[in-house]
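# Breakdown of the fold
Chain by chain, the residues:
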Amino acid sequence: TPSTLDFFSIQRRWRFAKSQSLLVQYYKGIPVRKKYRTALKRGLVVWDHTNGCIKLPPVAVQGYDENKNPYRGTFENCRSTRVWFKD
């Protein structure tokens, strides 16, 4: 019978010390640049599965009604004091 010292010298321990979760593996597999990948993780942008693009999520703007008077400009030109993500 091998002694315990022989057992620990043969056994490979802590081989995969930096294992990654399935979610991290999924985000690393997406073919986009690193800054967009981190924005995806934070929830600032949305991954579109139909064509593989990154899009800004739908936002609601104060002073604009979604049905009657939707905001049609770019996000950079928005002068509203309150903007939030639509659910």
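Structural data are supplied above this passage.
Cut-off values and rules
Residues numbered from 1 in each chain as written. Predicted model: local features only at pLDDT ≥ 70, side-chain atom pairs only at ≥ 80, totals over all residues. Heavy atoms only, no water. Salt bridge = Lys/Arg side-chain N within 4 Å of Asp/Glu carboxyl O. Helix = DSSP H or I, 4+ residues; strand = E, 2+ residues; numbered from the N terminus. 1 Å grid on protein atoms, 1.4 Å probe; cavity = no way out; pocket = protein on both sides within 12 Å on 5 of 7 lines; lining within 4 Å. Points joined across faces, edges and corners; volume = space filled by probe spheres on them. Nonpolar A, V, L, I, M, F, W, Y, C, P; charged D, E, K, R; others polar. Buried < 20%, exposed > 50% of the residue type's maximum accessible area, 1.4 Å probe, protein only. Contact = heavy atoms within 4.5 Å.

### As for the pattern of salt bridges
Inspection of the entire model under this criterion finds two salt bridges. In this structure, lysine 55 engages aspartate 48 in a salt bridge whose closest nitrogen and oxygen atoms are separated by 3.2 Å. For lysine 86, the salt bridge is made with glutamate 66, and the minimal N-O distance between the two is 4.0 Å. Linking lysine 86 in the segment after strand E4 (83-85) with glutamate 66 in the loop between strand E3 (59-61) and E4, this pair joins segments that are 20 residues apart in sequence.

### Describing the layout of surface pockets
Its boundaries defined by the atoms lining it, the largest pocket holds a volume of some 270 Å³. When residues of the lining of the largest pocket are traced back to their parent elements, those giving at least two are E3 and E4. Residue composition of the lining of the largest pocket, grouped by class: eleven nonpolar, two polar and one charged.

### Brief notes about the environment of leucine 44
By the element assignment, leucine 44 lies in the loop between helix H3 (34-42) and strand E1 (46-48). Judged by relative accessible area, leucine 44 falls into the partly exposed class, the value being 44%. Along the chain, leucine 44 and proline 57 lie 13 residues apart, while their C-alpha atoms are 7.5 Å from each other. If we ignore the near neighbours within four places in the chain, the residues touching leucine 44 are Ala39, Leu56, Pro57 and Phe85.

Function cannot be read off these values alone, since they describe shape.
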